[in-house]
Each structure stands twice: as C-alpha cells, then as structure tokens.
Amino acid sequence: MDNKQKCMNLLGLAQRSGNLISGEALVLNAIRSREAKIVILASDASDNTTKQFLNKSDHYRVPVLKELTRGELSAAIGRARTVAAVTDGGFAQSLQKLQ
C-alpha cells in the first residue's frame, strides 16, 4: 500500500471518528480558531482557493498537505470537497509522517 492510499485511509478514519472538518468556510474558521492541526488541500484546487488556504495556513502556522486530488480527497471522506482539516493531533502527526 502506497503513502497516498495510507493517507486516504487515515482521512476516512478521521472522518468517521469526528476529527475531520471539511468545506471551505468551516476549514477557514478551524484555522483561525487554531482547531485545525493540518489542512488537506486538493492539488487541483483553483488558484484562488489554493492562495487563500496557503496564506491563511502560513499565517497561523498550520501545515498543509497537497498530495491528493479533489477526486481522491472526496473519495476518502465520502463527500465532494476541495479542502479539509484534521483536528486531532495524532491523526495530523501520522499524516505528516506520510509526506
């Protein structure tokens, strides 16, 4: 199993355990409130969305994972999404190790 598949499995597990926030507005609020431990941004997200989340994450010092496409991210969490955030430190640490 490659790292991309492991990452998708971890995101699905985080979604089922309630430790994943998805959707642009909710993720932005989680970054601002320092609830987000890592942000997962689709590699094929629009330029505006990419710039917005990279700037916000950089300002609040939240790491960003950009390895998955929109389709892979959506398949992993079961919803059509471009951006998601993990709120649990353990999941975030595991995702960072896979980078």
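See the structure above.
Residues numbered from 1 in each chain as written. Predicted model: local features only at pLDDT ≥ 70, side-chain atom pairs only at ≥ 80, totals over all residues. Heavy atoms only, no water.

Enquirer: Looking at this model, I keep getting lost on the nonpolar core. Mind explaining?
Expert: Side chains of a nonpolar character, in soluble globular proteins, are inclined to be buried together. In this structure, L11, I40, V86 and L95 are the most contacted members of the largest nonpolar core, which totals 19 residues. When contributions to this core are tallied by element, the ones reaching two or more residues are helix 1 (3–17), strand 2 (38–41), helix 4 (70–77), strand 4 (83–86) and helix 5 (89–97). Among the elements that line this core, the one with the most residues is helix 1, at five residues. Sequence-distant contacts of L95, defined by excluding residues within four places in its chain, comprise C7, L10, L11, I38, I40, L65 and V86. Counting residues in hydrophobic clusters, the runner-up holds 14 residues, among them A36, L41, A42 and F53. (Core = buried A, V, L, I, M, F, W, Y, C linked by side-chain atoms within 4.5 Å. Buried < 20%, exposed > 50% of the residue type's maximum accessible area, 1.4 Å probe, protein only. Helix = DSSP H or I, 4+ residues; strand = E, 2+ residues; numbered from the N terminus. Contact = heavy atoms within 4.5 Å.)

Enquirer: What is the right way to look at helix 5 in this model?
Expert: Because an α-helix packs 3.6 residues into every turn, residues spaced three or four apart end up facing the same way. Considered for burial, the residues of helix 5 that qualify are F91, A92 and L95. Buried residues of helix 5, viewed axially, fall in a sector of 100°; they line one side. Capping the start of helix 5, D88 holds a side-chain oxygen 3.1 Å from the backbone nitrogen of G90, two or three residues further along. (Arc of directions from axis to C-beta. Polar contact = N/O pair within 3.5 Å; in protein donor to acceptor, adjacent residues only side chain to side chain.)

Enquirer: Sorry, what's going on with the sheet that holds strand 1 (residues 20–22) here?
Expert: Think of a sheet as strands paired side by side through backbone hydrogen bonds, with each pair either parallel or antiparallel. Judged by pairing direction, the sheet is mixed, and its four strands sit side by side in the order 1-4-2-3 without closing on themselves. One side of each edge strand has no neighbouring strand; the edge strands of this open sheet are strand 1 and strand 3 (64–65). Bridging between strand 2 and strand 3 involves two bridges; their strand directions are parallel. Paired with I40 across the bridge in strand 3 is L65. The strands touched by helix 1 are strand 1, strand 2, strand 3 and strand 4; relative to strand 1, the strand with the most contacts, the crossing angle is about 95°. (Pairing = 2+ DSSP bridges. Axes fitted to C-alpha atoms, helices over the stretch in contact; angles between N-to-C directions.)

Enquirer: Just checking my understanding: could you explain the pairing of strand 2 for this structure?
Expert: Note on strand geometry: in a regular strand, side chains alternate between the two faces of the sheet. Here strand 2 shows no split at all, with I38 and I40 on one side and V39 and L41 on the other all buried. With helix 3 (residues 47–59) bridging strand 2 and its parallel neighbour strand 3, the resulting β-α-β unit is right-handed. (Right-handed = clockwise from strand over helix to strand, strands pointing away.)

Enquirer: Can you walk me through the environment of N9 in this structure?
Expert: Within the fold, N9 resides in helix 1. Taking the C-alpha atoms as reference points, N9 and A76, separated by 67 residues in sequence, lie 6.6 Å from one another.

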